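# Residue-level structural notes
So the chains spell out like this:
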Amino acid sequence: MAEVTLDHVYKRFGDVTAVQDFSLEIQDAEFMVFVGPSGCGKTTTLRMVAGLEEISDGTLRIGDRVVNDMPPKDRDIAMVFQNYALYPHMNVHQNMSFGLRLRKTPKADIERRVQEAADILQIGHLLERRPRELSGGQRQRVALGRAIVREPKVFLMDEPLSNLDAKLRVEMRASISKLHQRLGVTTIYVTHDQVEAMTMGTRIVVMKDGLIQQVDSPVKLYDEPVNKFVAGFIGSPAMNFMIGGVENGVLRSANFDIRPTDELAGKLQKHDGKKVYVGIRPENFGLKGYTSIPEQDNVVRARVEVVEPLGAETHIIASVGADQNVVARVDPHAPVAAGDDIELLVDPNFLHAFDLESEANLRFA
């Protein structure tokens, strides 16, 4: 087991800086998730931890060792790749034990480790099969097994579920989470899927353009995003953003009047007369007449464009004025159809406001 510490780490490719001033302490046995859009630097950072990319600047420690110039084989890490990276000519047992055989591990120890990993992953009946005889989910379990038998200090996982179908991804998410609880090995997991990040991570690093935007627990990221990017990236469907003016603590436009809580109203005082981004999550809307949200002058006037019935809930995509759309999660039994003019009520306790220039969340400024 080990802590992983990145101290002001940079990665440059010529004139392009892919990762900038990355500082993070990952605790022993923590499940840390790197999340962000394609090209944000999350995989590059993981590859620097693995030793597959050279660090341009800064310091990387695994445990109490500085490993900047240490080759991957000496870092005591194990990596699980997106494409499984299994040897097609070897069976499952041979794939799982290959790294141990290269290290001249005693045969009895190899057998013990392979059998233990196979039992944990429930693939004991597959040990004689070759990769082409396995499903995608089974191949991913074999790739995990190959990492487990190494008994490393740190697991590194680079989008390991991206090649699986939706149902299998849900199953494998649960399997990896249970595996982490059982083994307690420090894990760094890279994904672009914020649902994976929210359901698996002890803490989450949200990245954009090579920079850390926020590091926090899943719940805190959702409830207290530090800026508009984090607020819009975390959550499905995403947070809605509308532009409105601040007038005596009230957020107004031609299509809405929203009175925030006293706390947020106080933060907005210095922005009086200015415009801000108003952030509302879909579940914090309610359709007037079909919601428990009290009216209290918090109304958004909109026209329904699309209705998406999902059984337990209905999503409404509605236009607010000429150039703004919002998504509202409403009562599935509400009688609403495309073309209807509606009033959406807003729960002010979950309202966010963001500076128009810096995009910082004014609730926490």
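Residues numbered from 1 in each chain as written. Predicted model: local features only at pLDDT ≥ 70, side-chain atom pairs only at ≥ 80, totals over all residues. Heavy atoms only, no water.

## Some words on a negative patch on the surface
Condition: A patch consists of residues whose relative accessible area exceeds 30% and which take part in no salt bridge; residues with like charges are grouped when within 9 Å of each other, and nonpolar side chains (Val, Leu, Ile, Met, Phe, Trp, Tyr) when within 5 Å. Using a 1.4 Å probe, the Shrake-Rupley method yields the accessible areas, and only the shown protein chains count as cover for residues. Here, a salt bridge means any side-chain nitrogen of Lys or Arg that lies within 4 Å of a carboxyl oxygen of Asp or Glu. When charges are counted, Lys and Arg are positive and Asp and Glu negative, with His and the chain ends excluded. For charged residues, the charge sits on one atom: NZ in Lys, CZ in Arg, CG in Asp, CD in Glu. Helix and strand definitions follow DSSP, with helices as H or I runs of at least four residues and strands as E runs of at least two, each counted in order from the N terminus.
A grouping of Glu3, Asp7, Asp21, Glu25 and Asp28 is seen on the molecular surface, where their side chains present a negatively charged patch. Along the polypeptide, Asp7 turns up in strand S1 (residues 4-13).

## A word on unusual backbone geometry
Generally, phi is negative for residues other than glycine and the peptide bonds are trans, each holding for most cases. Following Ser236, the chain continues into Pro237 via a peptide bond in cis, with omega recorded as -5 degrees. Take Pro237: it is sitting in the loop between helix H8 (228-233) and strand S11 (240-247). Backbone geometry places Ala85, a non-glycine residue, at a positive phi of 55 degrees. By secondary structure assignment, the location of Ala85 is in the loop between strand S6 (77-80) and helix H2 (92-102).

## What about the packing of aromatic side chains?
Quick note on the threshold: Centre distance within 6.5 Å is the pairing criterion for rings of Phe, Tyr and Trp, where only the six-membered ring of Trp is used; planes under 30 degrees apart are then read as stacked, over 60 as edge-to-face, and the remainder as tilted. The cut-offs for exposure are 20% and 50% of the maximum accessible area for each residue type, with area from a 1.4 Å probe on protein chains only; residues under the lower value are buried, those over the upper are exposed, and the others partly exposed. Two conditions define a charge located above a ring, namely a distance within 6 Å from the ring centre to NZ of Lys or CZ of Arg, and an angle within 35 degrees of the ring normal.
Counted according to the given criterion, the structure contains five aromatic pairs. Ring plane angle 20 degrees and centroid distance 5.7 Å describe the contact between Phe229 and Phe233, whose orientation is recorded as stacked. Placement of the pair is Phe229 and Phe233 together in helix H8, with a separation of four residues, close to one helical turn. Taking the centre distance of 5.6 Å and the plane angle of 70 degrees together, the rings of Phe241 and Phe354 count as edge-to-face. On the criterion of sequence distance, the pair formed by Phe241 in strand S11 and Phe354 in strand S20 (residues 352-355) is long-range, its members being 113 residues apart. Overall, Phe241 belongs to the partly exposed group, its relative accessible area being 22%. For Phe354, a relative accessible area of 0% corresponds to the buried category. Directly above the ring of Phe13 sits Lys11, whose terminal nitrogen or CZ lies 4.9 Å from the centroid.

## Quick notes on helix H3 (residues 107-121)
Rules: To estimate the expected span of a helix, count its residues, drop one, and scale the result by 1.5 Å. This arc describes the spread of directions from the helix axis toward the C-beta atoms. In this analysis, two residues are considered to be in contact whenever any of their non-hydrogen atoms come within 4.5 Å of each other.
In this model H3 runs 21 Å from its N-terminal to its C-terminal C-alpha over 15 residues, within 8% of the 21 Å that 1.5 Å per residue would give. Every buried residue of H3 is accounted for by Ile110, Arg113, Val114, Ala117, Ala118 and Leu121. One face of H3 carries all of its buried residues, which in axial projection span an arc of 130 degrees. For H3, the elements touching its buried residues are H2, helix H4 (136-148) and helix H5 (166-183). In the stretch just after H3, Gln122 is the one whose phi turns positive, near 60 degrees.

## Focus: the sheet that holds strand S8 (residues 186-191)
The cut-off we apply is this: When DSSP finds two or more bridges between a pair of strands, those strands are recorded as paired. Between N-to-C directions, angles span 0 to 180 degrees; the directions come from axes that are lines fitted to C-alpha atoms, helices contributing only their stretch in contact.
Taken together, six strands build an open sheet; the order of strands is S6-S7-S8-S3-S9-S10 and the sheet is mixed. Of all strands in the sheet, those with a lone pairing partner are S6 and strand S10 (211-216), marking the two edges. Each adjacent strand pair in this sheet contributes to an overall mean axis angle of 15 degrees, direction not counted. Pairing of strand S3 (residues 31-35) with S8, which is carried by five bridges, proceeds in the parallel orientation. If you follow Val35 over to S8, its bridge partner there is Thr191. In the packing of H4 onto the sheet, the strands contacted are S6 and strand S7 (154-158), and the crossing angle to S6 comes to about 175 degrees.

## Details of the pairing of strand S2 (residues 16-26)
Each regular strand shows side chains that alternate between the opposite faces of the sheet. Bridge count for S1 against S2 is seven bridges, and the pairing is antiparallel. If you follow Phe13 over to S2, its bridge partner there is Val16. Counting the residues that bridge the hairpin from S1 to S2 gives two residues, and of these Gly14 lies at a positive phi of roughly 65 degrees.

## Some points on H2
So the rule is basically this: Distance and chemistry together define a polar contact, namely a pair of N or O atoms within 3.5 Å, with one atom able to donate a hydrogen and the other to accept it when in protein, and with adjacent residues in sequence counting only for side-chain atoms on both sides.
For H2, the full list of buried residues reads Val92, His93, Asn95, Met96, Ser97 and Leu100. If you follow the buried residues of H2, they end up packed against H3 and H4. A distance of 3.2 Å separates the backbone nitrogen of His93 from a side-chain oxygen at the start of H2, and that oxygen is part of Asn91. Just downstream of H2, Lys104 is the residue with a positive phi angle, here 60 degrees.

## Quick word on the domain arrangement of the chain
Inclusion rule: Marked domain ranges trace back to an automatic or database domain assignment. Buried area is calculated as the accessible area (1.4 Å probe) missing from two parts once they are joined, with the contributions of both summed.
Once the domains are mapped, the chain shows domain 1 (4-230) and domain 2 (240-364). One C-alpha centre belongs to domain 1, the other to domain 2, and the line joining them spans 39 Å. With both chains or domains summed, domain 1 and domain 2 bury close to 830 Å², and 55% of this area falls on carbon and sulfur atoms. The largest per-residue losses of area from domain 1 upon contact with domain 2 belong to Tyr222, Pro225 and Lys228, which jointly make up 67% of the total buried on that side. Where domain 1 meets domain 2, there are zero salt bridges.

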